[in-house]
Amino acid sequence: MSFFKKVINVFKREQFDWDELEHTLISSDLGVKLTMQILDQLQEKGRKLKADDVIETCRREILDILPEEQPSLEIFEDKPTVILVVGVNGVGKTTSTAKLAHYFQSRELGVTLAAADTFRAAAIEQLEVWSDRLSIPLVKGQYKADPSSVCFNAYDAAVKNGSKFLICDTAGRLHTRHNLMEELKKVERVLAKKDPDAPSERWLVVDATTGSNALNQAQEFNKIMDLTGLIVTKLDGSGKGGCVISIQHELGIPTRFIGTGETAEDFHSFKAAQFVDEIL
């Protein structure tokens with residue numbers, strides 16, 4: 001059920017219940033801090049509320065949180081911009097990596113891919129299929145090879161190809177697995193040997209349907225590697241996606257791209273006003 005319908009249902013009751021409204025806001029993944037902020041704004045009105053009051057207050061508060069413009073993505077003249085793509089298992093990380101590469105390629109920005117998820121042979125094969133389909137250069141290693149070495153070699157290939165972007169697909173990992181999280185730090189250190197600016201971007205892929213788990217994942221990954229952006233998958237207009245707001249509000253991490261379907265074209269730059277219209 002969409003956020004708008006949930007709010008309408010609250011106001012269909014004969015007796016308005018603040019606790020029910022609070023539950024509705026939190027269950028929409030807006031986060032506790034933002035929910036309390038919205039409730040304070042509504043209570044200050046000092047009159048009988050209507051559903052429209054809630055929707056308009058939510059819209060205003062959310063738009064105040066989400067940046068109007070995307071943070072700029074630095075493109076260098078003489079070296080590739082390195083984007084490290086991270087996330088837990090099952091969020092669509094490898095597919096999002098391929099779609100991101102297609103997005104840049106379609107704008108005539110050369111891309112090289114690194115299949116640095118060496119823990120799953122299927123992940124290497126999956127990215128290879130995308131690479132062949134989209135005609136994008138791919139650097140891969142053997143199954144269970146050192147992910148850092150794959151990224152190291154991919155950087156050289158990206159320079160040789162004249163690519164503007166090197167996108168590194170890393171293995172999905174639970175944020176509670178300390179040794180795997182430490183491995184990401186190693187990847188960063190190895191890339192920095194090639195270029196002190198690398199990786200320029202560290203983007204976390206989250207699933208819009210996982211609710212508050214997405215915020216928990218962002219908090220833990222951000223402790224390890226100072227995230228610079230989100231890619232949000234399964235944001236298909238179903239009213240989900242409150243995690244975008246709570247992660248921006250609590251951690252200051254902007255959403256860069258959203259995935260809305262299965263094809264390479266179902267991937268778009270994030271636009272705050274359009275997003276708010278769709279979730280409300």
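See the structure shown above.
What comes next concerns the included structure. Here the residue numbers are simple positions, counted from 1 along each chain's written sequence. With the structure being a predicted model, the display of local features is reserved for residues of pLDDT at least 70 and the display and counting of side-chain atom pairs for 80 or more, all residues being used for whole-chain, interface and lining totals. Each side-chain value is derived from all of the structure's non-hydrogen atoms; neither hydrogens nor water enter the calculation.

### Details of the sheet that holds strand S4 (residues 165-170)
Any two strands with at least two DSSP-identified bridges between them are counted as paired. The numbering of helices and of strands both runs from the N terminus, where a helix is a DSSP run of H or I of at least 4 residues and a strand a run of E of at least 2. With mixed pairing, the eight strands of this open sheet are ordered in space as S3-S2-S4-S1-S5-S6-S7-S8. The two strands at the open ends of the sheet, each matched to only one other strand, are strand S3 (138-140) and strand S8 (267-269). Each strand axis lies, on average, 20° off the axis of its neighbour in the sheet, ignoring direction. The pairing of strand S5 (residues 201-207) with strand S6 (residues 229-233) spans five bridges and is classified as parallel. Bridge pairing links tryptophan 203 to glycine 229 in S6. In this description, contact between two residues means that some pair of their heavy atoms is separated by no more than 4.5 Å. Angular values range over 0 to 180 degrees, each being the angle between N-to-C directions of two axes fitted as lines to C-alpha atoms, with helices fitted over their stretch in contact. Packed onto the sheet, helix H6 (residues 121-134) meets strand S2 (111-116), S3 and S4 and runs at close to 160° relative to S3.

### A few points about the packing of aromatic side chains
When the centres of two rings from Phe, Tyr and Trp lie within 6.5 Å, Trp using its six-membered ring, the rings pair. Their planes under 30 degrees apart give stacked, over 60 give edge-to-face, and anything left gives tilted. Across all of its chains, the model carries seven aromatic pairs by this definition. Considering the side-chain rings of tyrosine 103 and phenylalanine 104, the 5.8 Å spacing of their centres and the 75° angle between planes classify their relative orientation as edge-to-face. Using a relative accessible area of 15% as the deciding quantity, one classes tyrosine 103 as buried. Ring-pair connections join several aromatic residues into one group, and the members of that group are Tyr103, Phe104, Phe165, Trp203, Phe257 and Phe267. Only when the NZ of Lys or the CZ of Arg is both within 6 Å of the ring centre and within 35 degrees of the ring normal is a charge said to sit over the ring. Geometry around phenylalanine 76 places lysine 79 over its ring, the cationic atom sitting 4.6 Å from the centre. Of note, arginine 133 hangs over the ring of tryptophan 130, and the distance from its end group to the ring centre comes to 4.6 Å. Classification of residues uses two cut-offs on accessible area relative to the type maximum, computed with a 1.4 Å probe and protein chains only: under 20% is buried, over 50% is exposed, and between them is partly exposed.

### Let's talk about the environment of aspartate 64
Relative to the elements of secondary structure, aspartate 64 occurs in helix H4 (residues 51-65). Taking the C-alpha atoms as reference points, aspartate 64 and arginine 189, separated by 125 residues in sequence, lie 36 Å from one another.

### Description of H6
Multiplying 1.5 Å by the helix residue count minus one yields the expected span of that helix. For H6, with 14 residues, the first-to-last C-alpha span of 20 Å sits near the 20 Å given by 1.5 Å per residue. Three or more residues of H6 are buried, namely Ala123, Ile124, Leu127, Trp130, Ser131 and Leu134. The buried residues of H6 all sit within an arc of 125° when viewed along its axis, so they share a single face. Residues of H6 that are exposed and point more than 90 degrees away from the buried face comprise Asp132 and Arg133. Buried positions along H6 lie against helix H5 (93-105), S2, S3 and S4. Trailing H6 by a residue or two, serine 135 shows a phi angle of about 60°, which is positive. The directions from the helix axis to the C-beta atoms are what the arc is built from.

### Structural notes on the nonpolar core
Counting 84 residues, the largest nonpolar core has Leu66, Leu100, Ile245 and Phe275 as its most contacted members. Contact partners of phenylalanine 275, with chain neighbours within four places excluded, come to Leu66, Leu235, Gly241, Val244, Ile245 and Phe270. Within this scheme, the nonpolar core is defined by two criteria: the residues are buried Ala, Val, Leu, Ile, Met, Phe, Trp, Tyr or Cys, and they are joined through side-chain atoms within 4.5 Å.

### Focus: the packing of H4 against helix H11 (residues 272-279)
It is at 10 Å that the axes of H4 and H11 come closest, and there the two elements cross at 150°. Relative to H11, the element H4 lies roughly antiparallel. In terms of crossing hand, the pair formed by H4 and H11 is right-handed. Counted together, Arg59, Ile62 and Leu63 of H4 and Ala272, Ala273, Val276 and Asp277 of H11 form the full contact between these two elements. Classification convention: Asp, Glu, Lys, Arg as charged; Ala, Val, Leu, Ile, Met, Phe, Trp, Tyr, Cys, Pro as nonpolar; all other residues, Gly among them, as polar. Counted by class, the contact of H4 with H11 contains five nonpolar, no polar and two charged residues. Every angle not falling under 35 degrees, over 145, or within 65 to 115 is termed oblique; those three ranges are roughly parallel, roughly antiparallel and roughly perpendicular. For any pair of crossing helices, the crossing counts as left-handed if the nearer helix is rotated counterclockwise from the farther one by less than a right angle, and right-handed if it is rotated clockwise.

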